[in-house]
Amino acid sequence: AEQGVRDLKDLLKLPVLTHVIEAYDISNISGTYAVASMVVAVDGVPHKNHYRRFRIKSVTGSDDPAMMAEVITRRFRGLVERGEALPGLVVVDGGLTQLKAARAALRKLDLAAVPVAGLAKRFELVYIHPAEPPLVLERSSAALQVLQRLRDEAHRFALDYHQRLRRKRIRESIL
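Predicted model only: the values in this text are computed from it and were never measured.

(A) Representation of helix H3 (residues 96–108) in the model. Over its 13 residues, H3 runs 18 Å from end to end, which matches the ideal 18 Å to within 8%, given 1.5 Å per residue. Within two residues after H3, aspartate 110 carries a phi angle of roughly 60 degrees, on the positive side.

(B) Fine view of the pairing of strand S1 (residues 20–29). The element S1 is extensively covered by neighbouring structure, given that eight of its ten residues are classed as buried. Pairing analysis gives nine bridges linking S1 to strand S2 (residues 32–42), with the strands arranged antiparallel. If you follow tyrosine 24 over to S2, its bridge partner there is methionine 38. Both S1 and strand S5 (residues 89–93) contribute to a ladder of four bridges, which runs parallel. What sits directly across from glutamate 22, in S5, is valine 90.

(C) Structural detail: the pattern of salt bridges. Applying the stated criterion to the full structure yields nine salt bridges. A salt bridge links arginine 74 to glutamate 70; the shortest N-O distance between them is 2.8 Å. One end of the pair is arginine 74 and the other is glutamate 70, both in helix H2 (residues 64–82) and four residues apart, which spans about a single turn. The buried category is assigned to glutamate 70, whose relative accessible area is 8%. Measuring nitrogen to oxygen at the nearest pair gives 2.8 Å for the salt bridge that ties arginine 156 to glutamate 153. Of the two residues, arginine 156 and glutamate 153 are both situated in helix H4 (residues 142–174); the distance of three residues between them amounts to about one turn of the helix. Each of Arg53, Asp160 and Arg164 takes part in one network of salt bridges that share partners.

Conventions and cut-offs
- Residues numbered from 1 in each chain as written.
- Predicted model: local features only at pLDDT ≥ 70, side-chain atom pairs only at ≥ 80, totals over all residues.
- Heavy atoms only, no water.
- Helix = DSSP H or I, 4+ residues; strand = E, 2+ residues; numbered from the N terminus.
- Expected span 1.5 Å × (residues − 1).
- Buried < 20%, exposed > 50% of the residue type's maximum accessible area, 1.4 Å probe, protein only.
- Pairing = 2+ DSSP bridges.
- Salt bridge = Lys/Arg side-chain N within 4 Å of Asp/Glu carboxyl O.

Scope: geometric values only; no functional claims are made or implied.
See below:
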């Protein structure tokens, strides 16, 4: 994990070695029970006590980029208001559209300097900047493996929350 984090610094052209990485994912079925997750890794190692779940509040329908923007806005506005440290890297599950949404949300908060990367599932393309082609990393790359583990953990965490809400709703409707 440590080698992967060091490789990320070079590959993503980060100004400093990032110790804290936050990864986000959205989970919903056609916009219903829409939720998001945030997982945190410190030096490439997951720190489950820092994980967070979010209910999507302001987006109706199935608009994953808008949901991503909402979650990023809520998270980073809270960090700024509480005077807490910002992560060294934000990873969003998805490609160019989620990357653009996250970057736009950070820009609105005057936090455009926070590095963001989008990891698209199908070909494992790493998007860093909307105007640049994505990075294609070797499958054996330690940096890619760190990103994949975080993305997969964010996906698992979001899906678990989404399923829990659906089960709760089913039980309520039966009773």
